[in-house]
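Commentary on secondary and tertiary structure
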Amino acid sequence: MNILKWSYTRHYNIKARFDEFPNSDVIFRQIKDYYFIYKVAWSKGDPVVERRHLEEMEFLLNSELGTIDYYKKRLAYIKA
């Protein structure tokens with residue numbers, strides 16, 4: 001999976017699109033020093049988004065923004 005495009009929205013959220021789900025907007029919010037998925041505006045033209053897809057999207061966006069080290073230090077990532 002790859003990021004097609006991303007941009008900041010109001011209130012410092014980030015809206016992104018991914019190549020596997022090109023018609024669906026994924027909204028990220030910042031928590032501490034990394035970003036997590038807040039909401040997916042899923043399009044019926046795209047495959048169903050599963051949890052593994054959400055985790056990969058978070059990993060890709062945090063890598064893109066340079067916050068991946070903080071993302072990896074979160075408790076849920078350490079337990080996995």
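Each chain has its residues counted from 1, running along the sequence as written. Only residues with pLDDT of 70 or above have their local features reported here, since the model is predicted, and side-chain atom pairs are shown and tallied only from 80 upward, although totals for entire chains, interfaces and linings are computed over all residues. Excluding hydrogens and water, the side-chain figures rest on all heavy atoms present in the structure.

**A word on unusual backbone geometry**
Not every positive phi belongs to a glycine, and Tyr12 is a case in point at roughly 65°. Mapped onto the fold, Tyr12 is located in the loop between strand 1 (3-8) and strand 2 (14-18). The phi dihedral of Lys32 is positive, around 55°, even though this residue is not glycine. One can find Lys32 in the loop between strand 3 (21-31) and strand 4 (34-41). Note on conventions: DSSP H or I runs of at least 4 residues are helices, E runs of at least 2 residues are strands, and numbering of each starts at the N terminus.

**Comments concerning the environment of Asp46**
With respect to the element layout, Asp46 can be found in the loop between strand 4 and helix 1 (51-65). Burial here depends on accessible area, computed with a 1.4 Å probe over protein chains only, as a share of the maximum for the residue type. Under 20% is buried, over 50% is exposed, and the range in between is partly exposed. You can call Asp46 buried: its relative accessible area is 6%. The spatial distance from the C-alpha of Asp46 to the C-alpha of Arg74 is 30 Å, given a sequence separation of 28 residues. Should any heavy atoms of two residues lie within 4.5 Å, those residues are counted as being in contact. Contacts of Asp46, omitting those with residues within four sequence positions, involve Phe21, Pro22, Asn23 and Ser24.

**Observations concerning the environment of Lys15**
Locating Lys15 in the fold gives a position in strand 2. Take Lys15: its relative accessible area is 35%, and that puts it in the partly exposed class. With 14 residues separating them in the primary sequence, Lys15 and Arg29 have C-alpha atoms 9.2 Å apart.

**Quick word on the side chain of Thr67**
Mapped onto the fold, Thr67 is located in the loop between helix 1 and helix 2 (68-72). Relative accessible area serves as the criterion here: at 12%, Thr67 is assigned to the buried category. Setting aside residues up to four positions removed in sequence, Thr67 forms contacts with Asp33, Tyr34, Tyr35 and Asn62.

**A few points about the confidence of the model for the protein chain**
The predicted model of the protein chain has a mean per-residue pLDDT of 91, with 92% of residues at 70 or higher. You can read pLDDT as the predictor saying how much it trusts each residue, on a scale of 0 to 100. For the protein chain, helix 3 (residues 75-79) is the element with the lowest average pLDDT, namely 63, and strand 2 is the one with the highest, namely 97.

**Thoughts on the sheet that holds strand 4**
Backbone hydrogen bonds hold the strands of a sheet together, and the pairing may be parallel or antiparallel. In spatial order, the strands read 1-2-3-4; together these 4 strands make up an open sheet with antiparallel pairing. The sheet is open, and its two edges are formed by strand 1 and strand 4, each paired on a single side. Shown here is a sheet whose adjacent strand axes are inclined to one another by a mean of 30°, direction ignored. Inter-axis angles, ranging from 0 to 180 degrees, are taken between N-to-C directions of lines fitted to C-alpha atoms, where helices are fitted over the stretch in contact. Contacts from helix 1 reach strand 1, strand 2, strand 3 and strand 4, with the element oriented near 130° to strand 4. DSSP-based pairing: two strands are paired if at least 2 bridges between them are found.

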